[in-house]
Amino acid sequence: MSNLLSYKNYSGTVEYSAEDNCLFGKVMGIKSLISYEGDSVNELKQDFETAIDEYLADCNERDVEPKKPYTGTFIVRI
């Protein structure tokens, strides 16, 4: 079982807040802060996907290249 959500090559965390009794997370691998929340796993996943879609639409609207998630690879050429 994974504690990550994936959508359109973006990954996001899944965390639980006992204080607020909800699930929340943030998109990993980019400098922009994109967060989401929900009371159930389905709500969390839907809010995650909506946040990614809104981020991409906002970048498109402002004619800015969206940040690509880090791939975790490091290429060195000699």
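Enquirer: What exactly am I supposed to notice about the environment of Ile30 here?
Expert: Structurally, Ile30 can be placed in the loop between strand E4 (22–28) and strand E5 (35–38). Through-space distance from the C-alpha of Ile30 to that of Ile52 is 12 Å; in sequence the pair is 22 residues apart.

Enquirer: How do you make sense of a nonpolar patch on the surface when you look at a structure like this?
Expert: On the surface, a cluster of nonpolar side chains totalling about 480 Å² of accessible area is made up of Phe74, Val76 and Ile78. Inspection of the secondary structure puts Ile78 in the segment after helix H1 (41–61).

Enquirer: Looking at this structure, how should I read a negative patch on the surface?
Expert: A cluster of acidic residues, Glu19, Asp20, Glu37, Asp39 and Glu43, forms a negative patch at the surface. Summarising the element assignment, Glu43 is placed in helix H1.

Enquirer: What am I meant to see in the pairing of E4 here?
Expert: Two faces make up the sheet, and in a regular strand the side chains alternate between them. Of the pairings in the sheet, the one linking strand E2 (residues 10–13) to E4 comprises two bridges and is antiparallel in character. Bridge pairing in E4 places Gly12 opposite Val27. With antiparallel pairing between neighbouring strands as the criterion, strand E3 (residues 15–17) and E4 make up a hairpin whose turn holds four residues, including Asn21 at a positive phi of roughly 55 degrees. Hairpin connection of E4 to E5: six residues between the antiparallel strands, including Gly29 at a positive phi of 90 degrees.

Enquirer: I tried to follow the pattern of salt bridges on my own but got confused; where do I start?
Expert: Between side chains of opposite charge, pairing is possible as soon as their charged atoms come close. Per the stated rule, a full pass over the model turns up two salt bridges. Asp53 is the salt-bridge partner of Lys8, the closest N and O atoms lying 2.9 Å from each other. Here Lys8 is found in the loop between strand E1 (4–7) and E2, whereas its partner Asp53 is found in helix H1, with 45 residues between them in sequence. Classification of Asp53 by relative accessible area gives partly exposed; the value is 31%. A salt bridge links Arg62 to Asp58, with the nearest nitrogen and oxygen atoms 3.1 Å apart. Judged by its relative accessible area of 34%, Asp58 is partly exposed.

What counts as what
- Residues numbered from 1 in each chain as written.
- Predicted model: local features only at pLDDT ≥ 70, side-chain atom pairs only at ≥ 80, totals over all residues.
- Heavy atoms only, no water.
- Helix = DSSP H or I, 4+ residues; strand = E, 2+ residues; numbered from the N terminus.
- Patch = residues over 30% accessible without salt bridge, like charges linked within 9 Å, V, L, I, M, F, W, Y side chains within 5 Å.
- Areas by Shrake-Rupley, 256 points an atom, 1.4 Å probe, with all protein chains shown as cover.
- Salt bridge = Lys/Arg side-chain N within 4 Å of Asp/Glu carboxyl O.
- Lys, Arg positive; Asp, Glu negative; His and termini not counted.
- Charge placed at Lys NZ, Arg CZ, Asp CG, Glu CD.
- Pairing = 2+ DSSP bridges.
- Buried < 20%, exposed > 50% of the residue type's maximum accessible area, 1.4 Å probe, protein only.

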